[in-house]
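Fold and contact review
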Amino acid sequence: MSRAIGIDLGTTNSEVAIVENGKARVLPGENGDLILPSCVGLSEAGKLLVGRDALRQYAAAPERTIKSIKRWMGTDHKTTLGDRTYLPHEISAIILRSLKQRAENALNEPVTQAVITVPAYFTDAQRQATKTAGEIAGLEVLQIINEPTAAALAYDLRSEDTERVLVYDLGGGTFDVSVVEITGEVTEVLASHGNNRLGGDDFDRALQLHLKRRFQQEHKIDLPDDPVINARLLSAAEQAKIELSTHSFTTVREAFLATKGKTALHLDFELARTDFESLIQPLLDETLAAIDRALSDAELSAEDLDRVILVGGSTRIPLIQQLIESHLGQAPTDGIEPDLCVALGASLQAGVLTGAAIDAILVDVIPHSLGIAVAMDTPMGVMPGLFSVIVPRNSVIPASRSEVYSTFADNQDTVEVEVFQGENAIAQENVPLGSFHVENLPPKPAGTLQIEVHFDFDLNGILTVTATEKGQGQKQSLIVNDNRIDRLSAHELRQAQANLNQLFELDETIEVSAETTTIDFSPELIQLIEQATAKLETLEGESAEELQSLLDQIAAAPSDESIDLEVLQSELEDFLYYA
Amino acid sequence: MLNSDRQGIELIRRNFLDLLKQHQIVPISVLEQKFDPECMYALGQQTSDAPPNTVIQEVVRGYRYRDRVLREAQVIVSTDKTR
């Protein structure tokens, strides 16, 4: 039986992990990186780039590069890449396909099954889009699970007693806090809050501004708003931030940042951890407020929490650990790399599902209430458009419930079933999931014709709504993934997979042709030759002859194995240096 | 005087680069090259006379160790004036 992988498909970064001999590990890419930036692009030559390569070209070719596609999941937001447009789940499919490939290379065997994580607040449409993305990537998606649930699994919280766990997830660009309850084999998400525009990148930018101010104080001139200076300061800020996670002080040293008259100006000072902390404190206060909101939503107080788990690279910042500890009155559990935790948990679940070590079954809950729009009798009279909840939020999945409704008018021959998800009493204020009609109802007085509305929510978060007229048994149903991203038909899926294969194949062919056109000269040597050719025109007599002879020998090198190119290169270097 | 100081520093730099080269660490040459996402990190675009997608400024030098990118170069890339 082939092994199944666990995938953390993140907004900024993604990882893939597997269980081997009972232990989970994150699988590295070719260059040893465990993290794959969630970035997709096309090179100028039309080669598909995924991960770091795509991220590198983002600033040079934003029109050919896509990042943070997760923010668009479940919508029909179209992105153009090369000569065609892509839906968000198609871009995610490219990332997933790349992770699948990474796993196959690392394991040296085909990989076809996966568990993929999504944020606890993801709607059904977003979950379905994620599942579809996995299928297009050639993966059988065994289960979609919540990120905080995966994190808790990584810490193997499977005691028989009920444990209430708060998961604080602060990544590069997004922040989530979730309160989950784990009882034996059941994990429930009680509440989830966050800010999908807050993360480590904000800390870098705050520190970058601080460096600019320091420069201004020291040299009494403003740093010009120059992209090079900004870039240098941003990388200096990021380095300093990382350094300050383990040290109380760090030196920021950037030479030749600017000039005043003829004097070169440098930045060279010692930055204290406390300086950095006061810069990010306002941002962190926001995350503490989110903790309080999540706790009050879960109707818990800090003392009710049995454990606090930190997820995401930014939680390496000591101040975050301290703030959470003093805010909640207990120290966070650590020990697992915070940015790999979710992928590891997903792989454990994948292992469990494929029989690697069946000692737990994960049960998730529905994150939002599901229901329909109805007219209701209220003290102010009959009000239309109210939200009648059929499956309350936090019901354990799979959930299957029905309610019975009756007609509103005499001889009403049609009812419209409008499905929503959310917590607002006014239906329209919630997220619409779709609607359908039951028609040709028998003529009856108002309130006497009964319609049963049945909601069925399966393990993959797919909702099926069925309305049945009780008398004659007329039935209509609706499968809610999303209106825009329906589950693909077998044919559509094959087509999407073929398109993706083509992209990856195109990639391979281009790589091959690139290889055949490269000559044996290093870029360094090529540059030297260019310099030399230019130099040749300014030289006369013996030196010109000497240089020409060197160039001739280098030119002959590829076809003559007796010539040592390295020797020639260093001779050429010396020549140019002393000439 | 200033001139000779400069030459001294350049000599040290050259020795250092030679030492790196002995260990098979070589700078990635980027200026006036086509942008290559496998070894260059783009910091931004600027209009210039150079053909589009060409490196016009090297902000941080990159290095290769054997055929691996040890550190990616950080560069600014030209963009079409007409855009």
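The preceding data block contains the structure.
As a starting point, this report considers the structure included with it.

**Points about the environment of I479 of chain A**
Checked against the element boundaries, I479 of chain A lands in strand β25 (residues 475–480). The partly exposed category is assigned to I479 of chain A, whose relative accessible area is 45%.

**Describing the packing of aromatic side chains**
All names here are of chain A. Counted under the stated rule, the structure contains three aromatic pairs over all chains. Across the ring face of F122, the terminal group of K70 is positioned such that the distance to the ring centre comes to 6.0 Å. Over the face of the ring belonging to F504 we find R97, whose NZ or CZ atom lies 4.7 Å from the ring centre.

**Concerning the nonpolar core**
All names here are of chain A. In terms of nonpolar packing, the biggest core is built from 48 residues, with L166 and Y168 touching the most fellow members. Top contributing element to this core by residue count: helix α7 (residues 273–297), with nine residues. Discounting chain neighbours no more than four positions away, the residues touching L166 are V177, S178, V179, I291, L295, L305, R307, V308, I309 and L328. Listed in part, the 41 residues of the second largest apolar core include L48, M73, A129 and A496.

**Re the pattern of salt bridges**
All names here are of chain A. Scanning all chains against the criterion turns up 25 salt bridges over all chains. For the salt bridge of E104 with K100, the shortest nitrogen-to-oxygen distance reads 3.2 Å. With E104 and K100 both in helix α2 (residues 88–107), this residue pair falls four residues apart, about one helical turn. Judged by its relative accessible area of 13%, K100 is buried. A salt bridge links D339 to R316, with the nearest nitrogen and oxygen atoms 3.0 Å apart.

**Description of helix α12 (residues 541–556) of chain A**
Residue and element names in this part refer to chain A. Along its 16 residues, α12 runs 23 Å from first to last C-alpha, staying within 8% of the 22 Å computed at 1.5 Å per residue. Within the sequence span of α12, burial applies to A544, L547, L550, L551 and I554. Here the buried residues of α12 occupy an arc of 125° about the axis, which is enough to place them on one side. In α12, those exposed residues whose orientation departs by more than 90 degrees from the buried face are E542 and E545.

**With respect to the sheet that holds strand β1 (residues 25–27) of chain B**
Backbone hydrogen bonds hold the strands of a sheet together, and the pairing may be parallel or antiparallel. All names here are of chain B. Pairing is antiparallel across the open sheet formed by three strands, whose spatial order is β1-β4-β5. The open sheet has two edge strands, β1 and β5 (68–71), and neither has a second partner. Along the sheet, successive strands turn relative to each other by an average axial angle of 35°, direction set aside. Where β1 meets strand β4 (residues 63–65), three bridges bridge the pair, whose relative direction is antiparallel. In the strand pairing of β4, I25 is matched with Y65.

Rules of the game
Residues numbered from 1 in each chain as written. Chains lettered and ligands numbered in written order. Predicted model: local features only at pLDDT ≥ 70, side-chain atom pairs only at ≥ 80, totals over all residues. Heavy atoms only, no water. Helix = DSSP H or I, 4+ residues; strand = E, 2+ residues; numbered from the N terminus. Buried < 20%, exposed > 50% of the residue type's maximum accessible area, 1.4 Å probe, protein only. Phe/Tyr/Trp six-rings, centres within 6.5 Å; stacked < 30°, edge-to-face > 60°. Lys NZ or Arg CZ within 6 Å of the ring centre and 35° of its normal. Core = buried A, V, L, I, M, F, W, Y, C linked by side-chain atoms within 4.5 Å. Contact = heavy atoms within 4.5 Å. Salt bridge = Lys/Arg side-chain N within 4 Å of Asp/Glu carboxyl O. Expected span 1.5 Å × (residues − 1). Arc of directions from axis to C-beta. Pairing = 2+ DSSP bridges. Axes fitted to C-alpha atoms, helices over the stretch in contact; angles between N-to-C directions.

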